[in-house]
Structure formats: C-alpha cells, structure tokens
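# Per-entry structural report
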Amino acid sequence: MTDDVDALAGWVEPLLRKMEPAERRKLMKSISRDLRKENQERIKAQQGPDGQSWEPRKRRKLRGKRGQIRKKAMFTKLRTAKYLKIRTSPDSAGLAFTGVSARIAAIHHYGLRAKVDKNGPVYDYPARPLIGFGRGDLELIADRVLEHIQL
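To keep things clear, this report deals only with the structure shown in the data block. (Residues numbered from 1 in each chain as written. Predicted model: local features only at pLDDT ≥ 70, side-chain atom pairs only at ≥ 80, totals over all residues. Heavy atoms only, no water.)

## A few points about helix α1 (residues 2–18)
If you check α1, its first and last C-alpha atoms are 25 Å apart, about what 17 residues at 1.5 Å a residue would give, namely 24 Å. At Val12, α1 shows its maximal bend, which comes to roughly 35°, and the proline Pro14 appears one to four places after that position. Every buried residue of α1 is listed here: Leu8, Val12 and Leu16. Of the surrounding secondary structure, the elements contacted by the buried residues of α1 are α2 (21–44) and α4 (135–150). (Helix = DSSP H or I, 4+ residues; strand = E, 2+ residues; numbered from the N terminus. Expected span 1.5 Å × (residues − 1). Bend = angle between axes of the 7 residues up to and from the residue. Buried < 20%, exposed > 50% of the residue type's maximum accessible area, 1.4 Å probe, protein only. Contact = heavy atoms within 4.5 Å.)

So this is what it looks like as structure tokens:
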C-alpha cells in the first residue's frame with residue numbers, strides 16, 4: 001500500500017507544484033469531499049478501509065428497550081459531516097473527527113479501553129478502523145487530479 005501512495009505522490013507532486021495556491025486548495029477540497037463520502041459509505045457498511053468487516057457488537061440480553069440500540073447500525077451520527085470534518089490548505093487535505101466525537105472515534109478506531117458510561121464499567125472495545133485509505137481511494141485521488149488538470 002505504501003508503494004502505491006509513493007507512486008501516486010511521485011507523479012502528482014510536480015503537477016501540484018505548477019498550480020496556483022488557490023487552485024490547489026480547490027482541488028484539495030474536492031478530493032477531501034470525495035474521500036469523506038467514501039469513508040462515510042464504508043462506516044455505513046461497517047467495513048474498514050481495507051474492506052474487512054468490523055467485529056459485530058456483543059450479543060447480550062438486556063432488559064426492556066435498552067437492547068434496541070444493538071439492532072441499529074453503529075456510528076450513525078459519527079459519520080455525518082457535522083462530526084467528520086474536512087481540513088484543507090493549498091498543501092494538504094485531510095479528514096478528522098472533532099470535539100468529543102474525536103475521543104469516541106479514537107477509542108473505536110484503535111480498540112482502546114474506556115468507560116461505557118460516566119460512572120459505568122470499563123470495556124475493551126475491539127478495533128474498528130473508521131477512516132483511512134483503501135486502494136479505491138488512491139484511484140479516486142488520481143482521477144480527481146487528472147480531471148482537474150483537464151479543465
């Protein structure tokens with residue numbers, strides 16, 4: 001994967017250097033939007049950037065309606081544009097979770113140990129990579145750069 005990133009950077013970098021900063025920023029914003037959309041789709045499908053499915057939630061019997069949350073897809077709010085922010089500059093583009101959602105996302109992304117509730121028990125969460133690059137993302141970046149150059 002790193003070889004693919006290096007190869008992409010090798011031919012994209014000279015093209016980006018020839019662009020004006022405003023034009024580069026516009027391109028970076030376009031790429032970031034597309035990458036956010038791809039990552040949102042992966043989170044919705046409950047898959048990591050490499051295409052592997054996440055470990056499912058534990059099946060436990062809960063009393064009453066408290067178990068209802070387990071039937072829904074994970075991270076429905078976390079994958080929205082409100083929490084998954086685009087950060088761009090003429091030289092870089094990125095996606096990041098902000099605020100409290102960044103802490104929640106990090107716990108799940110890396111599979112850390114955290115409290116379930118403020119005064120609740122501690123739980124070892126399984127690693128569920130939320131954002132990252134896949135092979136399709138590198139192709140998407142290359143396509144967006146080529147489309148921008150042709151305009």
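## Considerations on the environment of Trp11
Counting through the fold element by element, Trp11 comes out in helix α1. On the basis of relative accessibility, which here comes to 35%, the residue Trp11 falls in the partly exposed class. Along the backbone, Trp11 and Ser30 are 19 residues apart, and their C-alpha atoms lie at a distance of 19 Å.

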